[in-house]
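Overview (structure and organization)
As a plain string of letters, each chain reads:
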Amino acid sequence: MYELKFDPDLCMACDTQDCLVKCQHMDIDQETARTEILKLADGEDSFVLRDCVTCYACEEYCPNGNHPFYLIVKMQEELGMLPLPDPLVKSGVQVGIPFRGEPVIDEMEGTVLNMGVFSPLLGRVEGSKLFEGLPVISHDSRKMFHYFCQLMYLHYGKTSVINERLDGIIQTLASHGAKEIVHFHDECYGTYTSYAPAFGIEVPFKSIHLFEFLYNRLLELKDEIRPLGYKVVYQRPCSSRLSSDKHPFVAKIFDLIGVEYMDREYKDENAMCCGATILGQKKEGSRVYCAEIQKKNIDDMKKAGGQICVFNCPACMQTLGMPVSKAGIMPLFMSDLCRLAIGEKVG
């Protein structure tokens, strides 16, 4: 029903083939990169489909905004090369189905907060000055899958599942009537500002990235900020590759709240994913490779001298939070770090 907007001519004219040349998980020279991406554009098989770990990074590396990652995932499905074992795909696809009846549609105006599938984390939001006056679309965790952006299924090689369900999710969000929606998880932001336009799916509301919202809210509360003085490292999630124009807000927030943004090898465009999605992939050696990636990340944080590791993605926090803590570095969500800066306690 929905078709990916991908232009092979842009790849033919590309001077860099950065999408694949810069990949951290495959060693590909420029000539091979051009050949393989054009094979995919023609619907042909490529080793890229089997070796891709679905880290999203090529979507950021592409200098032409031509959506190479969405193309790879689309072709994984069309050629039957799903990165995860079939039983995991079948059970995972069932998880994201909206259930337990229809959500309550409260009429809303202005700007609202969408927790997506993370409504169990509402306690980190409600009661904080940061989110004062920002209505939450739904408090009912039983109905959270009605607001689940579905982009997780890129890791499953299943664009068909996203495309089948996404319009209904968008209509549910839009039915509340708000014109602007702040998304707690930037994967939701990436869904509505990157994925949906790439597939021609209409989104009738404006999306606001959480970090942009936090930065602007902190400016309003500037007189209450007390510089924290911590040395912090940042674990950038794969979904951030879909909103790289918002990534500079990380440094801007850290500067505003008086923490030192420590330099890592795996920082900014060279960020290394948390490895969560690789763990279950069917490619031989995936578990060992996942463990290696996690060790690289944590060793890098320690080498950088981080006292606090700031997470954006709840899934990254779930994957790396405990190992980071055991390494003597405190894991915190960005919103929690901002709360500390304005004198609030974080449980």
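The following refers to the structure shown. Just so it is clear, the structure is predicted and the values come from calculations on it, not from any experiment. (Residues numbered from 1 in each chain as written. Predicted model: local features only at pLDDT ≥ 70, side-chain atom pairs only at ≥ 80, totals over all residues. Heavy atoms only, no water.)

Considerations on unusual backbone geometry
As a reminder, the rule being used: The numbering of helices and of strands both runs from the N terminus, where a helix is a DSSP run of H or I of at least 4 residues and a strand a run of E of at least 2.
Of note, Gln 17 is a non-glycine position whose phi angle comes to about 55 degrees, a positive value. As for its position among the elements, Gln 17 is in the loop between helix H1 (8-13) and helix H2 (18-21). Positive phi is not limited to glycine here, since Asp 268 has a value of about 55 degrees. Among the secondary structure elements, Asp 268 is positioned in the loop between strand E5 (260-261) and helix H12 (276-279).

Examining the pattern of salt bridges
Cut-off, in case you're wondering: Salt bridge, as used here: a side-chain nitrogen of Lys or Arg that lies within 4 Å of a carboxyl oxygen of Asp or Glu.
By the definition in use, this model includes 19 salt bridges. Linking Lys 158 and Glu 77 is a salt bridge whose minimum nitrogen-to-oxygen distance equals 3.6 Å. Within this pair, whereas Lys 158 is found in the loop between strand E1 (111-114) and helix H8 (159-174), its partner Glu 77 is found in helix H6 (residues 68-78), the two being separated by 81 residues in sequence. Overlapping salt bridges bring together Asp 18, Lys 22 and Glu 269 as one network.

Describing the side chain of Gln 76
To keep it simple, the criterion reads: By definition, residues are in contact when any of their heavy atoms lie within 4.5 Å.
For Gln 76, the position within the fold is in helix H6. Ignoring anything within four residues of it in the chain, the contact list for Gln 76 reads Leu 49, Cys 52, Thr 54, Met 81, Leu 82, Pro 83 and Gly 157.

Here's the deal with the pairing of strand E4 (residues 231-235)
Using the following cut-off: Here the term buried applies to any residue with accessible area under 20% of the maximum for its type, exposed to any over 50%, and partly exposed to those in between, with areas from a 1.4 Å probe on protein chains only. Handedness is read with the strands pointing away from the viewer; a crossover is right-handed when the path from the first strand over the helix to the second is clockwise. Pairing between two strands is assigned when DSSP locates at least 2 bridges connecting them.
Buried residues dominate E4, accounting for four of its five residues. With respect to chirality, the unit in which E4 leads through helix H11 (residues 248-256) into the neighbouring parallel E5 is right-handed. Where E4 meets strand E6 (residues 308-311), four bridges bridge the pair, whose relative direction is parallel. Bridge pairing in E6 places Tyr 234 opposite Val 310.

Details of the packing of helix H10 (residues 210-220) against H11
Describing two packed helices takes the angle between their axes plus the distance from one axis to the other. Inclusion rule: Axis angles are defined between N-to-C directions and span 0 to 180 degrees, where every axis is a line fitted to C-alpha atoms and, for a helix, only to the segment in contact. Roughly parallel means an angle under 35 degrees; roughly antiparallel means over 145; roughly perpendicular covers 65 to 115; every other angle is labelled oblique. By convention the crossing between two helices is left-handed if the near helix lies anticlockwise of the far one by an angle smaller than a right angle, and right-handed if it lies clockwise.
Direction vectors running N to C along H10 and H11 enclose 25 degrees, while the axes themselves pass 9 Å from each other. Taken as axis vectors, H10 and H11 run roughly parallel relative to one another. The handedness of the crossing between H10 and H11 is left-handed. The segment H10 lies against H11, with Phe 211, Glu 212, Leu 214, Tyr 215, Leu 218 and Leu 219 engaging Phe 249, Val 250, Lys 252, Ile 253 and Leu 256.

Quick look at the sheet that holds E4
Ordered in space as E5-E4-E6-E7, the four strands form an open sheet in which the pairing is parallel. At either end of the open sheet lies a strand with only one pairing partner, and these are E5 and strand E7 (330-333). Set on the sheet, helix H14 (residues 314-326) makes contact with E4, E6 and E7; between it and E7 the angle comes to about 160 degrees.

Things to note about the state of the cysteines
The cut-off we apply is this: The disulfide criterion is simple: two cysteine sulfur atoms within 2.5 Å.
As enumerated under the stated definition, the model contains zero disulfides in all. Just so you know, Cys 55 is unpaired, no disulfide at all, and the nearest cysteine sulfur is the one on Cys 23, 5.8 Å from it. The class of Cys 55 is buried, set by a relative accessible area of 14%. With no disulfide of its own, Cys 290 lies 7.6 Å from the sulfur of Cys 274, the closest cysteine sulfur.

Things to note about the packing of aromatic side chains
Threshold: Here a Phe, Tyr or Trp ring, Trp counted by its six-membered ring, pairs with any other such ring whose centre lies within 6.5 Å, and the pair is stacked when the planes are under 30 degrees apart, edge-to-face when over 60, and tilted otherwise. Look at NZ for Lys and CZ for Arg. If either is within 6 Å of the ring centre and within 35 degrees of the ring normal, a charge sits over the ring.
Under the defined criterion, the tally for this structure stands at 13 aromatic pairs. Seen from their ring centres, Tyr 192 and Phe 205 are 5.5 Å apart, and the 70 degrees between their planes marks the pair as edge-to-face. Taken together, the residues span a long stretch of sequence, with Tyr 192 in helix H9 (residues 186-198) and Phe 205 in the loop between H9 and strand E3 (206-209) at a distance of 13 residues. For Phe 205, a relative accessible area of 8% translates into the label buried. A connected cluster of aromatic rings, assembled from ring pairs, spans Tyr 56, Phe 69, Tyr 70, Tyr 195 and Phe 199. Lying across the ring of Tyr 261, Lys 267 places its NZ or CZ 4.0 Å from the centre.

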